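# Reading the structure
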Amino acid sequence: MRSYYIKTFWCEMNKADSEKINMILLQSWFKKTSDYKTADLIILNTCSVRKKWEDRVYSLLKEIKVLNTLNSKSIMVWITWCMVRKTWMNQKYYSQTHRDVAKDITYLSDNSWIFNHDDKLFPKLDNLDFTLRIEEVKYLNLILTHIYWEKIGSDDKFDDYLKQSQLRENKFSASVIVQTGCDNFCTFCIVPYTRWREISREHSDIIAEITQLAQSWTKEISLVWQNVNSYGKQKNSKLWNEEKMAWNAWLGVSPFRALLDDINKIEWIDRIRFTSSNPHDMTQDILDAHFDLDKTCNYLHFALQSGNDEMLKRMNRRHTYGDFKKMVEYLRTKDPLFSISTDIIVWYSWETEEMFQDTVNAIRELEIDFVYIARYSVRSGTIASKIYPDDVPDAVKAARWHMLNSVLEENVQKRGQLMMGREEEILISWEKDEYFFGRTRNFKEVFFEKKDGVKIGDIVKVKITWIDAWVLNWEIV
């Protein structure tokens, strides 16, 4: 039995995709290993949103090359997700016949087109065996069959990417993919070029999957994709029958709110989360779902990116700071403990000191609970890479990153104080050493000492005792 190692970079969408890969490989008689040095196949589920993630991929490929040379091994390497534009194999696996059918393609139209040779990764990485777009993962077994020269799994067992099952490592908390692709084309972002246009899963398929998860003891559902609140909005989407779609439209119910309503009815599910949301697609009914439905959590992640309106226009973001502020204030008016997290890019092209200060002031004014801060780096193929210069020195970006992070630390302490002395129910999700870890419904990470009779997957009531930097310390009530 061959072994495989999978390394997942960055986001929740990538983690969910890795669970799909796990399911396919285990059903194809591979076994998973936690040490890449012992693997026969290494999968790098990559992210191109930030340059540092790509740098880590290149570094790991160099380590694997050295390992193969020193130990006379031939560890196969597969790269997927953001760094990949096309599905194809290293030319060393081609026969002359295969070379004749190689084409410059976008999506694969049939099995023979896996013999393609135009992805730009191969000239940079001579020990890369194949690339595979995650949406075309149904071709995985066919590619492995050609590489290993023996029958691997079933060529036709896996078909539609959105219908493929995930092998979830945490059975109590599950990520459920509701879409693929992105239609926003923010000037800095590579995702529309790696995932292409937005496609939503059928409403009934999502409900069926979550119902099955609930029957297998899952208690927490996280709906994931790049822009979940645009679910069902793409043209000609057929998610329900036309009569129900027309009825919801007449009632002013968005497709995503309708999905949340139906998930909320599923027995045994305790909490519903979703990430990520885009401010310009946020509707009032989705905001109100946090309070109308008893299972939705009082937490929302949606990306501001900058506190300056001129910078937001340059980023092709279709919201203003005022739009974002209005939504945050509405949620906090309904629940002062409502947690907000966001994404910020520091020192995008032509960002002045005054523009940056607008962002600092925004994070402080809104008391954002957590911020994913990215130092801007040019992503090849994006709009920004063609029309905007990367004109800010790295040292300045670093200084501004630390300045914004210090404001965030102030917010964390201030918001944490609001939780002091409160009793909250948490779902225990993981353990380390002598501690259990989990999150409150408003997504605050907590830890407490292990206790007899308590285990991962339990929902327990705890009380805060003190604040340890970014994490809250609790004791079981």
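Everything below is about the structure shown above.
Overview of the structure. Bear in mind that the values here come from a model prediction, so they are computed numbers and not experimental data.

Along the protein, the regular secondary structure elements total 14 helices and 19 strands. Carbon and sulfur atoms form 51% of the exposed surface of the protein, whose accessible area is close to 21,500 Å².

Turning our eyes to something else, we now look at the layout of surface pockets. Taken as a whole, the second largest pocket holds about 580 Å³ of empty space. Met 83, Arg 85, Lys 120, Lys 124 and Ser 380 are, among the 20 residues lining the second largest pocket, the residues nearest its centre. No other element matches the four residues that helix α2 (residues 51-71) contributes to the lining of the second largest pocket. Here the lining of the second largest pocket is composed, by residue class, of seven nonpolar, three polar and 10 charged.

By the definition in use, this model includes one cavity of 30 Å³ or more. Size it by volume and the largest cavity reaches roughly 40 Å³. The wall of the largest cavity is formed by Trp 81, Cys 82, Val 84, Arg 133, Ile 134, Glu 135, Thr 194 and Arg 195. When the residues that make up the lining of the largest cavity are grouped by side-chain class, the tally is four nonpolar, one polar and three charged.

In this structure, Arg 400 sits in helix α14 (residues 394-417). Given a relative accessible area of 16%, Arg 400 falls into the buried group. Here the side chain of Arg 400 touches Glu 353 through a polar contact of 2.5 Å, side chain to side chain. Excluding anything up to four places from it in sequence, Arg 400 contacts Trp 347, Glu 353 and Phe 356.

Attention now goes to unusual backbone geometry. The step from Thr 275 to Ser 276 runs through a cis peptide bond, and the omega angle for that step is 5°. Examined against the element boundaries, Ser 276 turns out to sit in the loop between β11 (271-275) and α9 (284-292). The phi dihedral of Trp 29 is positive, around 70°, even though this residue is not glycine. Relative accessible area serves as the criterion here: at 64%, Trp 29 is assigned to the exposed category. For Trp 350, which is not glycine, the phi torsion reads 65° and is therefore positive.

Turning our attention to a negative patch on the surface. Negative charge collects at one region of the surface, where Asp 309, Asp 323, Glu 354 and Asp 358 lie side by side. For Asp 309, the position within the fold is in helix α10 (residues 309-314).

Moving on, we come to α9. Among the residues of α9, Asp 285, Ile 286, Leu 287, Asp 288, Ala 289 and His 290 are the ones counted as buried. Contact partners of the buried residues in α9: α8 (255-264), β11, β12 (299-301) and α11 (321-334).

Definitions and limits used
Residues numbered from 1 in each chain as written. Predicted model: local features only at pLDDT ≥ 70, side-chain atom pairs only at ≥ 80, totals over all residues. Heavy atoms only, no water. Helix = DSSP H or I, 4+ residues; strand = E, 2+ residues; numbered from the N terminus. Areas by Shrake-Rupley, 256 points an atom, 1.4 Å probe, with all protein chains shown as cover. 1 Å grid on protein atoms, 1.4 Å probe; cavity = no way out; pocket = protein on both sides within 12 Å on 5 of 7 lines; lining within 4 Å. Points joined across faces, edges and corners; volume = space filled by probe spheres on them. Nonpolar A, V, L, I, M, F, W, Y, C, P; charged D, E, K, R; others polar. Buried < 20%, exposed > 50% of the residue type's maximum accessible area, 1.4 Å probe, protein only. Polar contact = N/O pair within 3.5 Å; in protein donor to acceptor, adjacent residues only side chain to side chain. Contact = heavy atoms within 4.5 Å. Patch = residues over 30% accessible without salt bridge, like charges linked within 9 Å, V, L, I, M, F, W, Y side chains within 5 Å. Salt bridge = Lys/Arg side-chain N within 4 Å of Asp/Glu carboxyl O. Lys, Arg positive; Asp, Glu negative; His and termini not counted. Charge placed at Lys NZ, Arg CZ, Asp CG, Glu CD.

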